[in-house]
Amino acid sequence: MNTKKSLFLALLWSISNFSIACDLTIAKIQWHEKLLNNISVLRNGKTHFITEKDRELCRGDQLTVPQQAVPVTIWYYSESPNKEEIIVPTTNYQLRELKEPCGMWCKVEDKIVSLVDKLTKAIKPKTERFTSSSSKGPKPAIILEDDILLTSVATRGNDENKPVFMPLSAGKSKNAPFFLFTNEGKVNLFWHNGKPPFQIILQDNNGNELSRSETKQREWAFIPSTFEVGTIYHLIIKDQLNQSYSSKIEFTVPPLPIDSKADKFTLFATLLQQEKLKGNSKNWRLEIYRQLLALPDSPEKQNFLDHLIADDF
């Protein structure tokens, strides 16, 4: 990089520190490395570069996209997932005006809060208790009690005669993959049923065997060789009775729009809710489980894990 360009980039970087906050955030750019120090945003008469941590766009923003940055995907915060792609270089690209900016992502805030509240509180199953009464009188009244806490559900479903299944698949077909963020770290797996010992085979997307392990436990962990977007692993679990379970694990970017700055439990609840949104039906439960395990121990963490494993929401 020549000296003039370096000074120019430094100038724009310094200007960005003084950029005026926008009155309304309406969109976000999907990140990839080619965007760094390439896309500039004109906002309130000041210019700054898009970075991985600062890529939200505001009403009235104008973008300059050079050849080396295309294609660029913009996700608008609207009622339904709404994206726009810039596939050719452009100068002073004007963001679209939205009739209801932030639409659904504002309206569902209360639902997200309610879901977080449920998933971070202890599970309280209701039990029946009968009041006393005479045999000739009316039938006993039923009073529901909700003060009995449910213990951990992680050991449920260990019938050796039933086929292996993974609770985090959330009832999806065996062909439906788990989706994980491209975050480095260990991938913890667990399953129910089947007769130990278990044989775990991990393959790449071409069917090449990457590893083969044996365990008497209904859990296993591995560290992927790469976390790049689009990487797919094939998982096969076989028990002593030759019953098998298979699934795919695919690394991808987080669904957008999503608030990466939200607290973890809110992020997890948002991912769970996005399973039900049209066009965002990816199964994020294994990623939620992986991130939950990395959090410090707390009653809220354990309660979320119990709910996730029991799949009672």
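Reading guide: rules and limits
- Position numbers for residues start from 1 in each chain and track the written sequence from start to end.
- Two thresholds apply to this predicted model, a pLDDT of at least 70 for residue-level local features and 80 or more for giving and counting side-chain atom pairs, whereas whole-chain, interface and lining totals are computed over all residues.
- Water and hydrogen atoms were dropped before computing side-chain values, which therefore reflect all heavy atoms in the structure.
- Scored between 0 and 100, pLDDT is the confidence that the predictor attaches to each residue.
- Pairs of residues are marked as contacts when any of their non-hydrogen atoms sit within 4.5 Å.
- Residue types Ala, Val, Leu, Ile, Met, Phe, Trp, Tyr and Cys, when buried and joined through side-chain atoms within 4.5 Å, form a set referred to as a nonpolar core.
- Exposure is judged per residue with a 1.4 Å probe applied to protein chains only, and the accessible area is read against the type maximum: over 50% gives exposed, under 20% gives buried, and values in between give partly exposed.
- Helix and strand definitions follow DSSP, with helices as H or I runs of at least four residues and strands as E runs of at least two, each counted in order from the N terminus.
- Should DSSP find at least two bridges between two strands, the strands are regarded as paired.
- Note on geometry: axes are lines fitted to C-alpha atoms, helical ones only across the stretch in contact, with angles between N-to-C directions running from 0 to 180 degrees.
- In what follows, roughly perpendicular refers to angles from 65 to 115 degrees, roughly parallel to angles under 35, roughly antiparallel to angles over 145, and oblique to any angle outside these ranges.
- We call Asp, Glu, Lys and Arg charged. Ala, Val, Leu, Ile, Met, Phe, Trp, Tyr, Cys and Pro are nonpolar, and the rest, Gly among them, are polar.
- When the near helix sits turned anticlockwise from the far one by under a right angle, the crossing is termed left-handed; a clockwise turn instead gives a right-handed crossing.
- Working definition: rings of Phe, Tyr and Trp (its six-membered ring) pair if their centres are within 6.5 Å, and the pair is stacked with planes under 30 degrees apart, edge-to-face with planes over 60 apart, and tilted otherwise.
- Working rule: Lys NZ or Arg CZ, within 6 Å of ring centre, within 35 degrees of ring normal, means a charge sits over the ring.

Undergrad: For this particular structure, what's the right way to read the confidence of the model for the protein?
TA: Low pLDDT means the predicted atomic positions in that stretch should not be read closely. Summing up the model confidence of the protein, the mean pLDDT is 77 and the portion of residues at 70 or higher is 71%. Contacts of residues 125–154 to residues separated by more than four positions or lying in other chains number 42 contacts, the stretch itself having pLDDT below 50.

Undergrad: Is there a simple way to think about the nonpolar core in this case?
TA: Within soluble globular proteins, side chains that are nonpolar tend to cluster in buried spots. Core analysis: the largest hydrophobic core is formed by 43 residues, its most contacted members being L189, I237, L286 and L292. Ranked by the residues each element gives to this core, the list is headed by helix 4 (residues 264–274), at six residues. When residues no more than four places from it in sequence are discounted, the contact partners of L286 are L168, F178, L180, V187, N188, L189 and I249.

Undergrad: Just checking my understanding: could you explain the sheet that holds strand 2 (residues 40–43) for this structure?
TA: Neighbouring strands of a sheet are bound in pairs by backbone hydrogen bonds; such pairs are parallel or else antiparallel. An order of 3-2-5-8 is seen for the four strands of this open sheet, with the pairing classed as antiparallel. With partners counted over all chains shown, the strands left at the sheet margins are strand 3 (46–49) and strand 8 (90–94), one partner each. With strand direction ignored, the average angle separating the axes of adjacent strands in the sheet is 25°. With three bridges connecting them, strand 2 and strand 5 (residues 62–65) associate as antiparallel partners. Across the sheet, the residue bridging to L42 is Q62, located in strand 5.

Undergrad: What exactly am I supposed to notice about the packing of helix 4 against helix 5 (residues 285–294) here?
TA: Angle between the axes and distance between the axes: these two values describe a pair of packed helices. Viewed as axis vectors pointing N to C, helix 4 and helix 5 meet at an angle of 170°, and their least axial separation amounts to 10 Å. What the angle tells us is that helix 4 and helix 5 run roughly antiparallel. Judged by residue contacts, K264, F265, L267, F268, L271 and L272 of helix 4 engage R285, I288, Q291 and L292 from helix 5. Here the residues of the contact of helix 4 with helix 5 sort into seven nonpolar, one polar and two charged.

Undergrad: Can you walk me through the sheet that holds strand 4 (residues 56–58) in this structure?
TA: Reading across from one edge, 4-1-6-7 is the order of the four strands in this open sheet, with antiparallel pairing throughout. Of all the strands in the sheet, the pair left with one neighbour each is strand 4 and strand 7 (82–86). Geometrically, the sheet is characterised by an average inter-axis angle of 30° between neighbouring strands, direction not taken into account. Here strand 6 (residues 72–76) runs beside strand 7; their pairing, made up of five bridges, is antiparallel.

Undergrad: Quick question: what am I supposed to make of the pairing of strand 15 (residues 219–222) here?
TA: The side chains of a regular strand alternate between the sheet's two faces. Residues W220 and F222 point to one face of strand 15 and are all buried, whereas E219 and A221, pointing to the other face, are not buried. Alignment of strand 12 (residues 187–190) against strand 15, held across four bridges, turns out to be antiparallel. Considered in strand 15, the bridge of F190 is made with E219.

Undergrad: Would you explain the packing of helix 4 against helix 6 (residues 299–310) in this entry?
TA: Following both chains from N to C, one finds helix 4 and helix 6 inclined at 15°, their axes separated by 12 Å at the closest point. Overall, the two elements helix 4 and helix 6 adopt an arrangement that is roughly parallel. For the pair helix 4 and helix 6, the crossing hand works out as left-handed. For the pair helix 4 and helix 6, contact is made by F265, F268, A269 and L272 and by E300, K301, F304 and L308, respectively. Across the contact of helix 4 with helix 6, the residue classes break down as six nonpolar, no polar and two charged.

Undergrad: For this particular structure, what's the right way to read the environment of N37?
TA: Turning to its location among the elements, N37 is positioned in the loop between strand 1 (25–29) and strand 2. Residue classification places N37 among the partly exposed residues on the basis of a relative accessible area of 33%. Once the C-alpha coordinates of N37 and F49 are considered, the two residues, 12 residues apart in sequence, prove to be 5.7 Å apart.

Undergrad: Looking at this structure, how should I read the packing of aromatic side chains?
TA: Aromatic ring pairs are reported here in terms of the distance separating the ring centres and the angle at which the planes meet. Summed over all chains, the structure comprises 11 aromatic pairs. Plain terms: the ring middles of F190 and Y289 are 5.0 Å apart, the flat faces sit at 45° to each other, and that makes the pair tilted. Here F190, found in strand 12, pairs with Y289, found in helix 5; they are 99 residues apart in sequence, far enough to count as distant. A residue is classified by how much of its surface remains accessible, and F190, at 8% relative accessible area, is buried. Judged by relative accessible area, Y289 falls into the buried class, the value being 12%. In textbook terms, an aromatic cluster arises when at least three aromatic residues are bridged by ring pairs, as seen for W220, F222, F227, Y233 and F251. Its guanidinium or amino end placed over the ring of Y76, R96 lies 4.3 Å from that ring's centre, counting from NZ or CZ.

Undergrad: Explain unusual backbone geometry here, please?
TA: A negative phi angle characterises most non-glycine residues, just as the trans form characterises most peptide bonds. Note that the residue after V70, namely P71, is joined by a cis bond; omega there is 0°. Mapped onto the elements of the fold, P71 is located in the loop between strand 5 and strand 6. Residue P196 is joined to P197 through a cis peptide bond whose omega torsion reads 5°. Tracing the chain through its elements places P197 in the loop between strand 12 and strand 13 (198–203). A positive phi angle, near 60°, is found at N37, a position not held by glycine.

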